[in-house]
Amino acid sequence: MPFLHPAKHSFPDNFIWGVSTAAPQIEGAAQADGKGESVWDRFSRVPGKVLNGDTLDVACDHYHRFPADFALLRSLGIRNYRMSIAWPRILPKGDGPVNQAGIDYYHRLFDSLATNGITPWVTMFHWDMPQALEDRGGWTDHVTVDAFARYADTIVSAYSGKVKNWITLNEIKCFTLLGYGPGAFAAPGRPVSAKLLNQTFHHALLCHGHGVRAVRQHGGPGARVGLTDNCDVPIPVTESPADIQAARAWFVEKNLHILDPIHRGKYSEDYLKRVGGDAPTVRDGDFELISAPTDFLGINIYTGYWVRAKPGAAYEEIDAPVNYPRADSKWLRLTPQVIYWGARLVHETYGAKPIYVTENGCGYDAENVVNGEVLDLHRRDFLRSYLRELQRAIDDGVPVAGYFVWSFLDNFEWADGYVRRFGIVHVDFATQKRTPKLSARYYSEVIRFNAIV
Ligand code: NOJ
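This one's a predicted model, so the numbers in the text were calculated from it and none came from an experiment. (Residues numbered from 1 in each chain as written. Predicted model: local features only at pLDDT ≥ 70, side-chain atom pairs only at ≥ 80, totals over all residues. Heavy atoms only, no water.)

Caption draft 1: Quick peek at the overall build of the chain. Check the secondary structure of the chain and you find 15 helices and 13 strands. Rg of the C-alpha trace for the chain: 21 Å, near the compact-globule value of 22 Å for 453 residues, within the 12% margin. Each of the three principal axes of the chain carries a C-alpha extent, and together these read 60 × 60 × 50 Å. Out of the 453 residues in the chain, the part that is buried amounts to 59%. When contacts within the chain are restricted to residue pairs at least 6 apart in sequence, long-range pairs at least 24 apart make up 79% of them. Total accessible area on the chain stands at roughly 17,000 Å², and carbon and sulfur atoms take up 54% of it. Here the chain contributes 48 positively and 51 negatively charged side chains, and the mean placements of these two sets differ by 2 Å. (Helix = DSSP H or I, 4+ residues; strand = E, 2+ residues; numbered from the N terminus. Rg over C-alpha atoms; globule rule 2.2 N^0.38 Å. Buried < 20%, exposed > 50% of the residue type's maximum accessible area, 1.4 Å probe, protein only. Contact = heavy atoms within 4.5 Å. Areas by Shrake-Rupley, 256 points an atom, 1.4 Å probe, with all protein chains shown as cover. Lys, Arg positive; Asp, Glu negative; His and termini not counted. Charge placed at Lys NZ, Arg CZ, Asp CG, Glu CD.)

Structural data, given as structure tokens:
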């Protein structure tokens, strides 16, 4: 046996181990079989928006290669697979006629997962809004809520026999703030007023509510549903009661506009005070929909912010020193404690639902295949150090029930194109050859022992 004493660091029985992907980042086949244009198909063609002018046209060609990809997953011992459905494949214009070829495609894909003994965890929306809907106002307009309701009903009804784990939306804060906020680094790249930006959050919350409703109505026996949130996470500079209290205050302030309405059925006084006259328009019944009970909460965990107590203030945020360790993704400081504090604070603040870490991983450039291997020791160490902190959270009573690495394959990393690689499996984008990296072998062993090795 190659590893010593893994039992020392074992995880609870039935802990879910998986990997994560998203349709627009891996599928390619951007114009195939009746798929509509997405906002990212359009945005990636605007000069200067994506590194090297990369597009989503081919990506990992997973659209055509999923049988081999799932056989590879199986050979690595990975039995849980988080993926997303491409809205523009199902409803090319966002609403309007259903594209049967799109529906059939995901039937074949779920069948292939089943053949390989792999459980799907399906995100309804991972940022690829149909461009035709954006042209009618996108996230700023209620038209998107109505269209999403129909989309959610369509996919949950179609796949209720094959999918039991549903995630409504991925990272509300990213596709709203980055797509419509100042800078607009993401699709559709359309900065709007503060009031409209707040309205995009509200519309996204409503779509989450419709996702939950659709699963309750059409999901069939055993169906479960939750949101994947990218809450901002503080790390107390020391683990003293005062710094922990400061971190708590920071956590609530940064995340309450998403997590409060979902868990408490209203916007908090603090949020309404903060936004003043720019508060979103709320219709009758909105909060009932938004706060319908869910079965779990997904959190995507990457990087943390350093926070400590400060006399006379709720907290002080500390800038990371310039020589603090980072991945090649500029925003990704390597802060393993973020997974402990993210899980703990979300649990302490919003209650005892099972938590799944639906993404965690790191992006690096220039990971080349040398003599048939990719020795990504940096990613192996990343996973090991974050997993130790995850285990600390579980030991402290935080109900974390599963963990998914971002990502299975190197893929289209949004504005960073194909340069920045997050996969535990290397993709040669010229030949589409897959090479499991050292980190994939490592993760296989973690799963096999249900322990940190
Ligand atoms: C979060 C997003 O959900 C995913 O699409 C992205 O590639 C990873 N973070 C890495 O940036």
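Caption draft 2: View of the site of the ligand. Near the ligand, the surroundings consist of 13 residues, among which Gln25, His126, Asn170, Glu359 and Glu413 are the closest. A distance of 2.8 Å separates an oxygen atom of the ligand from a polar atom in the side chain of Asn170. Separating a nitrogen atom of the ligand from a side-chain N or O atom of Tyr302 is a distance of 3.4 Å. The cavity where the ligand resides is the largest pocket. Residues belonging to the shell around the ligand are distributed by class as follows: 6 nonpolar, 4 polar and 3 charged. (Near = heavy atom within 4 Å. Polar contact = N/O pair within 3.5 Å; in protein donor to acceptor, adjacent residues only side chain to side chain. 1 Å grid on protein atoms, 1.4 Å probe; cavity = no way out; pocket = protein on both sides within 12 Å on 5 of 7 lines; lining within 4 Å. Sits in = over half its atoms within 2 Å of the grid points. Nonpolar A, V, L, I, M, F, W, Y, C, P; charged D, E, K, R; others polar.)

Caption draft 3: Representation of the environment of Ala158 in the model. You can see Ala158 is positioned in helix H7 (residues 143-159). Using a relative accessible area of 26% as the deciding quantity, one classes Ala158 as partly exposed. Sequence separation between Ala158 and Met129 is 29 residues, and the spatial gap between their C-alpha atoms is 20 Å. With near-sequence residues (within four places) excluded, Ala158 lies in contact with Ile103 and His107.

Caption draft 4: Representation of the sheet that holds strand E5 (residues 224-229). One closed barrel holds the 8 strands; their spatial order is E1-E2-E3-E4-E5-E7-E10-E11, and the pairing between them is parallel. Each neighbouring strand pair of the sheet contributes to a mean axis angle of 25°, computed without reference to strand direction. Of the pairings in the sheet, the one linking E5 to strand E7 (residues 296-300) comprises 4 bridges and is parallel in character. Note that in E7 the partner of Thr228 across the bridge is Gly298. (Pairing = 2+ DSSP bridges. Axes fitted to C-alpha atoms, helices over the stretch in contact; angles between N-to-C directions.)

Caption draft 5: Region of the structure containing the state of the cysteines. Applying the stated criterion across every chain, the model contains 0 disulfides. No disulfide involves Cys231; its nearest neighbouring cysteine sulfur is the one of Cys174, lying 12 Å away. You can call Cys231 buried: its relative accessible area is 6%. Its sulfur unpaired, Cys362 is 17 Å from the next cysteine sulfur, which belongs to Cys60. Using a relative accessible area of 0% as the deciding quantity, one classes Cys362 as buried. (Disulfide = S-S within 2.5 Å.)

Caption draft 6: Region of interest: empty space enclosed by the protein. All told, the structure shown has 5 cavities of 30 Å³ or more when counted by the stated rule. By volume, the largest cavity is sized at about 90 Å³. What lines the largest cavity is simply Ala23, Pro24, Glu27, Gly28, Ala30, Lys35, Ser38, Asp41, Leu56, Ala86, Arg89 and Asp128. Tallied by class, the residues present in the lining of the largest cavity amount to 5 nonpolar, 2 polar and 5 charged. (Points joined across faces, edges and corners; volume = space filled by probe spheres on them.)

Caption draft 7: Quick look at unusual backbone geometry. Cis rather than trans, the peptide bond between Ala187 and Pro188 has omega equal to 5°. Considering the arrangement of structural elements, one finds Pro188 in the loop between helix H8 (172-180) and helix H9 (194-218). In this structure, the amide linkage connecting Trp406 to the following residue, Ser407, adopts the cis form with an omega of 15°. Along the chain, the position of Ser407 falls in the loop between strand E11 (400-406) and strand E12 (425-428). Positioned with a positive phi, Asn52 is a non-glycine residue whose angle comes to about 60°. In this fold, Asn52 is placed in the loop between helix H2 (39-43) and helix H3 (62-75). Under the relative-accessibility criterion, Asn52 is labelled exposed at 64%.

Caption draft 8: Focus on the sheet that holds strand E8 (residues 305-310). The sheet built from 3 strands is open, its strands ordered E6-E8-E9 with mixed pairing. Each edge of the open sheet is held by one strand with a lone partner, namely strand E6 (234-236) and strand E9 (313-318). Strand-to-strand, the axes of this sheet are offset by a mean angle of 45°, without reference to chain direction. Relative to the sheet, helix H13 (residues 337-350) contacts E6 and E8, its axis offset from that of E6 by approximately 105°.

Caption draft 9: Quick peek at the environment of Val233. In this structure, Val233 sits in the loop between E5 and E6. With 16 residues separating them in the primary sequence, Val233 and Ala249 have C-alpha atoms 11 Å apart. Setting aside residues no more than four positions away along its own chain, Val233 makes contact with Trp250, Ile301, Thr303, Gly304, Tyr305, Val338, Trp341 and Gly342.

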